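# Summary of structural features
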Amino acid sequence: MGGDLSPETLREAYTQGIFPWPHPGYPLLWFCPPKRGILKFSQFIIPRSTQKKIRQKAFQMTRNQAFDDVIENCSKIPRSKESGTWILPEVVEAYKELHKKGEAYSFEAWDDGKLVGGLYGVLFDGVFSGESMFYKKAEASKVCLVETVSYLRDLGHHWMDIQMVTPLLEKMGGEYISRKQFLKMLKDRHVSR
């Protein structure tokens, strides 16, 4: 509890398996939950509807071309069964700063020049943590996830941190592992990313 959202603090936290999850009215809260969501690329499932959109080239895909717009759109999405969002203005500013330093990434889907989907996350010390995604057209966020996985595979990664396993991410291969397992994977990341 406490601390700040400076790039240095965020880097230190993520490399130890900890992420911020602010709640309005409370001091800054940090979590390393007992169960952690991950997506192993060997178990990644692309739904047929998403495959169809990819074949049709329904969206124009980019990386790091609209980070600010992606995180702003994600910040407007209410969390399930909650009012409001954890992506508070101070979080938005902190991750924009990380992006300027090359440690936060965005993957964007466009349709006719309009941003219709996106995903953002952070890449620290060989581990990518997906933070949030949004869509304005069906399948756009899923295609962004496919792009993210493809990019990370090209870098030699074999998995990504997804923190929480939503019903969508579960259908696409996301799973929970224990905190102990996750911290071991972090420790071994230099050997087998």
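Residues numbered from 1 in each chain as written. Predicted model: local features only at pLDDT ≥ 70, side-chain atom pairs only at ≥ 80, totals over all residues. Heavy atoms only, no water.

### Some thoughts on the overall build of the protein
When you go through the protein residue by residue, the secondary structure sums to seven helices and nine strands. For the protein, the C-alpha radius of gyration of 16 Å lies close to 16 Å, the compact-globule estimate for 193 residues. Projecting the C-alpha coordinates of the protein onto the three principal axes gives extents of approximately 45 × 35 × 35 Å. Look at the contacts in the protein between residues 6 or more apart in sequence, and 70% of them connect residues 24 or more apart. (Helix = DSSP H or I, 4+ residues; strand = E, 2+ residues; numbered from the N terminus. Rg over C-alpha atoms; globule rule 2.2 N^0.38 Å. Contact = heavy atoms within 4.5 Å.)

### Looking at the side chain of Gln163
Within the element layout of this structure, Gln163 appears in strand 8 (residues 159-163). Look at Gln163 and you get buried, because its relative accessible area is 6%. For Gln163, the residues in contact, after removing those within four places along its chain, are Tyr14, Phe19, Lys35, Arg36, Gly37, Ser129, Gly130, Glu131 and Tyr176. (Buried < 20%, exposed > 50% of the residue type's maximum accessible area, 1.4 Å probe, protein only.)

### Looking at the state of the cysteines
Note on terminology: a disulfide is the covalent bond linking the sulfur atoms of two cysteines. Counted under the stated rule, the structure contains zero disulfides. Not part of a disulfide, Cys144 finds its nearest cysteine sulfur in Cys74, a span of 9.3 Å. (Disulfide = S-S within 2.5 Å.)

### Comments concerning the pairing of strand 3 (residues 35-40)
Relative to strand 9 (residues 175-178), strand 3 is paired through four bridges, and the arrangement is antiparallel. Residue pairing for strand 9: Lys35 is matched across the bridge by Ser178. Sheet topology places strand 3 next to strand 8; four bridges connect them, and they run antiparallel. Pairing of Leu39 across the sheet is with Met160, part of strand 8. (Pairing = 2+ DSSP bridges.)

### Points about helix 5 (residues 140-154)
Under the 1.5 Å per step criterion, the end-to-end length of helix 5 is 21 Å for 15 residues, consistent within 8% with the ideal 21 Å. A large share of helix 5 lies buried, amounting to 11 of its 15 residues. All of the buried residues in helix 5 are Ala140, Ser141, Lys142, Val143, Cys144, Leu145, Val146, Thr148, Val149, Tyr151 and Leu152. Once helix 5 ends, the next one or two residues include Gly156, with phi positive near 100 degrees. (Expected span 1.5 Å × (residues − 1).)

### Quick word on the side chain of Ser106
Within the fold, Ser106 resides in strand 5 (residues 104-111). Residue classification places Ser106 among the buried positions, given a relative accessible area of 0%. A distance of 2.5 Å separates a polar atom in the side chain of Ser106 from a polar atom in the side chain of Glu108. Discounting residues that sit within four places of it in the chain, Ser106 has contacts with Thr62, Arg63, Asn64, Gln65, Ala66, Phe67, Val70, Leu119 and Tyr120. (Polar contact = N/O pair within 3.5 Å; in protein donor to acceptor, adjacent residues only side chain to side chain.)

### As for the packing of aromatic side chains
According to the stated counting rule, one finds nine aromatic pairs in the structure shown. With a centroid separation of 6.5 Å and 40 degrees between ring planes, the pair formed by Phe19 and Trp21 is classed as tilted. As far as burial versus exposure is concerned, Phe19 and Trp21 are alike and both buried. Counting every residue linked through ring pairs, the aromatic cluster contains Tyr105, Phe107, Phe128 and Tyr151. (Phe/Tyr/Trp six-rings, centres within 6.5 Å; stacked < 30°, edge-to-face > 60°.)

Keep in mind these numbers describe shape, not what the thing actually does.
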